Amino acid sequence: MTTILRLTKDPSELTVPDLLLRNVHDHGDLPALTWYRDGRYTADARTTLTWAEARHRIAEVAAGLGALGVTRGEHVLLMMDNRPEHWLTDLALVHLGAVPVTVYSTAAPEQIAHIARHSRARLAVVGGAEERARWEPLLAPEGEDEKAPGHLRRLVVADADAVGPHTPWRSLPRPYAPAAFEETWRRAWAEDPVTVVYTSGTTGDPKGVVISHRNVVLNGIALDGIAELPDHADHICYLPFAHIAERMLGIYLPVLRASHVHLCPDPAQVAALVRELRPAEFFGVPRVWEKLAAALRARLEALPEPRRAAVAEAAEAARAQVRRRERGLPQESGPEAAYEKARSEVLQPLLAPFGLDRLVWSASASAPMPPDVLDFWAGLGVPIMDAWGLTETTGALTLNGPAAFRLGAVGRPLEGTEIRTAEDGEILVRGSTLFTGYLRPDGSVEPGTDADGWFATGDIGRIDEDGFLWLTDRKKEMIVTSTGKNISPALVENTLKEHPLIGQAMVHGDGRPYLVALLVLDGETARGWAARNGIDVPPGLAPEAIAGALAGHPAVRAEVDRAVAAANARLSRPEQVRRYHLLEREWTARTGELTPSLKLRRKVVRSRYRQVIERLYAG
């Protein structure tokens, strides 16, 4: 918990602008927002705004947006990467009483068109030429009635070198009338929408989830009561703002905590920024923690044997310490001293080149974390505090914390929220952070809960005797075989990925007599494994290309055979993988198999590799 949360009124009545003004009064000279030039994450490439400077810039952008005709309650669409124009525009709209709606940069044209029509937006703020080309077809034909719904009226383009008839973002900031600005934002109420977040639309058209100021403030206060963070902590902002996790972590929580946001527009460069900042807190979706673990494992395998033995001994001391904390046992001087010695002499020097040696809070969410990855990080003295939530719950609704956690579980409910399970195991939730409802095309809001306030999440799980929630899988992703067996694909996939060579896995078997799997090598681990086994890998080959270089090698195939057999030995008979295919290319968000938050898009993978899957069943 931070120690600087001066709240100017009852928490349930606070708005985001209330908190931003508090930051100017209490922490105005402290850094609020930093971005980096030319992809260089170094001190000399930084530009930083203090909280006082950020609010002044937000007021100027709000004046420019108001001059374009943006009014209270209006939805404004945003499609930009994590750049200052996005962050400032978002908060400027909130101060006008308008509603920012960020659209994934990976959204298909029909999804973009649906969101534009459904939100009745008249204005979109986009990054540059690539985004502009995708949005221009949605502009209203010249001469059409200005008030006719269904078409955008104007584009604002953020890139400084943008050309064309559209409004450049750099023309938005303008002198503002302080009295008018203060009067405008003070007309906001806690129940007003602070944003609309559209779901990914994997099973139909995206839904607009309406989230209020009250939702984000109460969620943030509850999270702050569990997390143990230093005051004004650095936050590396690299997930898309279209995702509720980064909206909370990169906008609303920093405003609540007066923390320091560092923008990282390219998620592939997040490791470079971590190395530069050495942050006290880091949030990574499971795939990010898996990739970091693979890089560290590769470093460990390259160490001489005496050094590897020292690391293994230190890892046991760290895991023992984590187990004591997990069970709530009193700390004993002997084991505590052994852990501190291992941490300072072995583990921190190992973590330092990766920028992870000062972590006090490491967290994850979005999908079940593979147990072996949790165990690996625990052995480095970095217990990952898993959380769970949805867009509709304003992000995290359950959370592990230093005072109470279970590795593998996703924590207990936040203050002000409740969870229970239905007869089929579906998780039901209610409480103060639940969304207002779903946006209707006419601008009204459809409630998303039942008469008693419960929301059916679509996730399957169980609650243990200590109140911790354990996830099984998404209800819609559960596999039902032709013999009627219900199987969690995530359980099987995480078991397969426990072998270091296997970086990605997807199992299939719905309506089939048995499971098959698509597997991808982990490039970082495969390089070291190949070197130890006398297999040549072309020098300079990128990790994502190594899968293609090694997938067909007989020794690699034999090792993957052993990995699948080892996984099957730990699974029940219906969960066992009968056949598999080793692919030659890593799945990424850029190529479409992963979501922007790096979750597996099963429908896309099944469609793309349909013929491969059919051959696995035919063989």
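Residues numbered from 1 in each chain as written. Predicted model: local features only at pLDDT ≥ 70, side-chain atom pairs only at ≥ 80, totals over all residues. Heavy atoms only, no water.

Caption draft 1: Geometry of the pattern of salt bridges. Taken as a whole, this structure holds 38 salt bridges when the rule is applied. In this structure, R83 and D159 form a salt bridge, with 3.0 Å as the shortest nitrogen-oxygen distance. Placement of the pair is R83 in the loop between β3 (75-79) and α3 (84-96) and D159 in the loop between β6 (154-157) and β7 (167-168), with a sequence separation of 76 residues. Under the relative-accessibility criterion, R83 is labelled buried at 16%. (Salt bridge = Lys/Arg side-chain N within 4 Å of Asp/Glu carboxyl O. Helix = DSSP H or I, 4+ residues; strand = E, 2+ residues; numbered from the N terminus. Buried < 20%, exposed > 50% of the residue type's maximum accessible area, 1.4 Å probe, protein only.)

Caption draft 2: Structural context of the nonpolar core. Residues L65, W87, F282, W289, W377 and L380 are the most contacted members of the largest nonpolar core, which totals 126 residues. Aside from chain neighbours lying at most four places away, what touches L65 is V70, T89, A92, L93, L96, L123 and L172. Ranked by size, the runner-up nonpolar core spans 44 residues in total, among them V520, I546, V612 and L616. (Core = buried A, V, L, I, M, F, W, Y, C linked by side-chain atoms within 4.5 Å. Contact = heavy atoms within 4.5 Å.)

Caption draft 3: Inspection of the sheet that holds strand β22 (residues 469-474) at higher detail. What the four strands build is an open sheet, ordered β17-β18-β21-β22; its pairing is antiparallel. In this open sheet, the two edge strands, each paired with only one partner strand, are β17 (417-421) and β22. Neighbour-to-neighbour, the strand axes of the sheet open up by a mean angle of 50 degrees, direction not taken into account. Here strand β18 (residues 426-431) pairs with strand β21 (residues 455-463) via three bridges, running antiparallel. Residue E426 lies in a different strand from β21, and its bridge partner there is I460. (Pairing = 2+ DSSP bridges. Axes fitted to C-alpha atoms, helices over the stretch in contact; angles between N-to-C directions.)

Caption draft 4: Inspection of helix α15 (residues 523-532) at higher detail. Residues G523, T525, A526, W529 and A530 constitute the buried set of α15. Burial along α15 is one-sided: seen end-on, the buried residues are contained in an arc of 150 degrees. Looking at the buried residues of α15, the elements they touch are α10 (286-301), β26 (515-521), α16 (543-550) and α17 (554-570). Of the residues that open α15, the one with a side-chain oxygen 3.2 Å from the backbone nitrogen of E524 is D522. A positive phi of about 70 degrees marks G534, the residue just after α15. (Arc of directions from axis to C-beta. Polar contact = N/O pair within 3.5 Å; in protein donor to acceptor, adjacent residues only side chain to side chain.)

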